[in-house]
Amino acid sequence: MKTFQYERAASAETATTDAATPGAKFIAGGTNLLDLMKLQIETPGKLVDITRLPLGDIESRDDGGLTIGTLVPNSDLAAEPRVIEGYEVLSRALLAGASGQLRNKATTGGNLLQRTRCYYFYDTATPCNKREPGSGCSAIGGFNRILAVLGTSDKCIATHPSDMAVAMRALDATIVTLKADGDRRRIAIADFYRLPGETPEIETVLEPGELITAVELPKPVEGARHLYRKVRDRASYAFALVSVAGVVVMDGTTVKSAALAFGGLGPMPWRNPAVEAALVGKEASDATFAAAADALLADARGFGSNDFKIPLMRRTLIASLRELTGA
Amino acid sequence: MQWTINGQRYVAEVDVRTSLLDLAREHLGLTGSKKGCDHGQCGACTMLVNGRRVNSCLTLAVMHDGDEIMTIEGLGQVGNLHAMQSAFVKHDGYQCGYCTPGQICSAVGMLDEAKKGWASHASASLTDAELNDAEISERMSGNICRCAAYPNIVDAIREVAGLGDREPVLVAAGEVGA
Ligand SMILES: Cc1cc2nc3c(=O)[nH]c(=O)nc-3n(C[C@H](O)[C@H](O)[C@H](O)COP(=O)(O)OP(=O)(O)OC[C@H]3O[C@@H](n4cnc5c(N)ncnc54)[C@H](O)[C@@H]3O)c2cc1C
Ligand code: SF4
Ligand code: FES
Ligand code: FES
């Protein structure tokens, strides 16, 4: 590990100005950042420790929604009665990720910002545009079993590995931040992540020093069924090959509303309005579900060893929709 | 910097890069916690920090200034074993023993989580999860045992959780080795 200057943030405001300097990073749970620092994939010159800031509460808002402080650990968020009651998909997604020990440390904001598990990103001996812009992408034409089939570019085909973020995408979460100039922003999760395009090293719209302070969830969807289905190489403690987060409301046998987000497919938690349009107002049936899968996968493209994800996602979506609709 | 480890106060200055695991092992002579992977993947380094199980390899000692830490050495000692340590001995919950300190600290933290009513990925209901073998396996999946002592680890945890012995699995003669 390269050495760094360590600072414990005295306030959220000073944290943002401290972290706005080049080479500085926030550290929260540390479970992703330290892993990457040990391998010298991340080499920050300064770490701003935000763990003692008062950003660890979960608060109900007057509009019926929930505000989750960035420092709420993943395990506490999963166990929160208000989350289990109104946002079960989020509890389920959290519990499907990592291990008990890791969830006890991992924070809400850190989870959103965890980096890809692409093998070449982790292997500093190989070219990787995300780790070293302009060096090339070893995964295209290489071993890419766990990588993306949607939203890729010829510079990078990495996936975003978070389970939690997929559930938050289905729940239309909003990310609340504080910038170094003192401004606050509220960023819809739909606008938070960036496609790799020509610059896969830039993953979100956050500016230098911009601190996530909280994540807001809108009022729970009434009468909804929730599901998080994760398909992986072993039954526990493994990242998703593909996953589905679904919040569906039925009216008899007709789909009244559907919010569906997907993990393991793209560089960000994936959501496509065409999938939901294929379902809403339709009779729940395998033909309807197949149309939704067609809409999701129309532009999907495999890179060899990840081709299997396309039929796997189709089957996983159809099975998930059967469960969500009771069809 | 200061930490309370196993009830004793330690004061030291360490390089900012020192993990909590290296602090214990390399600086304070507490070598019970083991380093398996140093990347959060195996659980051998599990300690209880302010009562919660965490991977001590993926956290910095400087970030824990003032915290209360429990390692396997503090949980119990020869002649005064913690119930979980005794249960591991009784049920042979190990072979080489390398993962054992982490398994035991993790199991103690895990039972506390279960007592608080926390559910797991294996729980059908998120509001009234009951411990059983599938729950124990899921909740302990962050602790890898290269010797695969898993069935005996589950037995040891069952005993401490008050679940009694597992039902013996009866296999028809023809199925053995099939
Ligand atoms: C073995 C292993 C298995 C795992 N399995 C899974 C899995 O199955 N599913 C899954 O979803 N995840 C998994 N994870 C990843 C885990 O969920 C993440 O490591 C964790 O959520 C990161 O949170 P953290 O608080 O530790 O982040 P940190 O490591 O502290 O930070 C991560 C990044 O976020 C930035 N950051 C943190 N907080 C803020 C903030 N408030 N504002 C701005 N920037 C911030 C940091 O600067 C850093 O760049 C696994 C991890 C490991 C090690
Ligand atoms: S897919 Fe992205 S992260 Fe993986 S090697 Fe290519 S550029 Fe790097
Ligand atoms: S040594 Fe910490 S998890 Fe393996
Ligand atoms: S007893 Fe050998 S690794 Fe578990």
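It should be emphasised that the depicted structure is a prediction, and the values quoted were computed from it without experimental measurement.

Analysis parameters
Residues numbered from 1 in each chain as written. Chains lettered and ligands numbered in written order. Predicted model: local features only at pLDDT ≥ 70, side-chain atom pairs only at ≥ 80, totals over all residues. Heavy atoms only, no water. Near = heavy atom within 4 Å. Polar contact = N/O pair within 3.5 Å; in protein donor to acceptor, adjacent residues only side chain to side chain. Areas by Shrake-Rupley, 256 points an atom, 1.4 Å probe, with all protein chains shown as cover. Helix = DSSP H or I, 4+ residues; strand = E, 2+ residues; numbered from the N terminus. Nonpolar A, V, L, I, M, F, W, Y, C, P; charged D, E, K, R; others polar. Core = buried A, V, L, I, M, F, W, Y, C linked by side-chain atoms within 4.5 Å. Buried < 20%, exposed > 50% of the residue type's maximum accessible area, 1.4 Å probe, protein only. Contact = heavy atoms within 4.5 Å. UniProt positions renumbered as here; feature names shortened; annotations may be inferred. Pairing = 2+ DSSP bridges. Axes fitted to C-alpha atoms, helices over the stretch in contact; angles between N-to-C directions. Domains from an automatic or database assignment. Buried area = accessible area lost by both parts, 1.4 Å probe. Salt bridge = Lys/Arg side-chain N within 4 Å of Asp/Glu carboxyl O.

Draft legend 1. Fine view of the site of ligand 1. Taken together, 35 residues lie around ligand 1, and Phe26, Gly30, Thr31, Thr107 and Asp163 of chain A are the ones closest in. The local environment of ligand 1 is shared, drawing residues from chains A and B. For ligand 1, a nitrogen atom lies 2.7 Å from a polar atom in the side chain of Asp163 of chain A. Within the backbone of Ala238 of chain A, an N or O atom sits 3.4 Å from an oxygen atom of ligand 1. In the complex, 96% of the free accessible area of ligand 1, which totals 980 Å², lies under the protein chains. Mapped onto the shell around ligand 1, the elements with two or more residues apiece are β2 (24–27), α7 (108–112) and β8 (211–217) of chain A. Of all the elements, β2 of chain A adds the most residues to the shell around ligand 1, at three residues. In terms of residue class, the shell around ligand 1 is built from 15 nonpolar, 15 polar and five charged.

Draft legend 2. Representation of the nonpolar core. Grouped together as the largest cluster of nonpolar side chains are 82 residues, with contacts concentrated most on Leu90, Leu112, Met168, Phe262 and Leu296 of chain A. Excluding residues that lie within four positions of it along the chain, Leu90 of chain A makes contacts with Ile68, Leu77, Val83, Met164, Ala167, Met168, Leu171 and Leu217 of chain A. Grouped together as the second largest cluster of nonpolar side chains are 32 residues, Ile5, Leu28, Leu30 and Leu58 of chain B included.

Draft legend 3. Molecular detail of the site of ligand 2. Ligand 2 sits among 13 residues. The nearest are Cys118, Cys128, Cys137, Cys156 and Ile157 of chain A. For the shell around ligand 2, the residue count by class is nine nonpolar, two polar and two charged.

Draft legend 4. Inspection of the UniProt feature "domain: FAD-binding PCMH-type" (unreviewed entry) in chain A at higher detail. Per the UniProt annotation, the sites labelled "domain: FAD-binding PCMH-type" (unreviewed entry) are residues 1–222 of chain A. For residues 1–222 of chain A, the end-to-end C-alpha separation is 49 Å, with 27% helix and 16% strand making up the annotated structure.

Draft legend 5. Representation of the sheet that holds strand β3 (residues 46–49) of chain B in the model. Residue and element names in this part refer to chain B. The strand order β2-β1-β5-β3-β4 describes an open sheet built from five strands, whose pairing is mixed. Lying at the two open borders of the sheet, with one neighbouring strand each, are β2 (8–11) and β4 (52–55). The mean inter-strand angle of the sheet, taken between neighbouring strand axes irrespective of direction, is 35°. As defined by bridge partners, strand β1 (residues 2–5) adjoins strand β5 (residues 68–70) across two bridges and the pair is classed as parallel. Its bridge partner lying in β5, Thr4 is registered against Glu68. Lying on the sheet, helix α1 (residues 20–27) is in contact with β1, β3 and β5; it crosses β3 at an angle near 105°. Each of β3 and β4 touches helix α4 (residues 100–115); the most contacted strand, β3, lies at about 45° to it.

Draft legend 6. Structural view of the domain arrangement of chain B. Residues and elements named next belong to chain B. Domain annotation for chain B reports domain 1 (2–75) and domain 2 (83–160). The straight-line distance from the C-alpha centre of domain 1 to that of domain 2 is 21 Å. Across the boundary between the two partners, domain 1 contributes 16 residues, which contact 18 residues of domain 2. Carbon and sulfur atoms make up 57% of the surface buried where domain 1 meets domain 2, a total of about 1400 Å² over both sides. Area buried by domain 1 at its contact with domain 2 is led by Arg53, Ile72 and Leu75, which between them contribute 42% of it. Taking the shortest distance from any N to any O, the salt bridge between Glu113 and Arg53 comes out at 2.8 Å. Inspection of the region where domain 1 meets domain 2 yields eight residue pairs in polar contact (both at pLDDT 80 or more). Of all elements in the fold, only β3, β4 and α2 (72–75) reach the threshold of two or more residues within the side of domain 1 that touches domain 2.

Draft legend 7. Just the environment of Ser162 of chain A, in detail. All names here are of chain A. The topology assignment puts Ser162 in the loop between α8 (119–122) and α9 (164–170). Residue classification places Ser162 among the buried positions, given a relative accessible area of 3%. Separated by 69 residues in sequence, Ser162 and Ala93 have C-alpha atoms that sit 9.0 Å apart. Non-local contacts of Ser162, meaning those with residues more than four positions away in its chain, are made with Asn111 and Gln114. Only 2.9 Å separates the side chain of Ser162 from the backbone nitrogen of Ala165, close enough to count as a polar contact.

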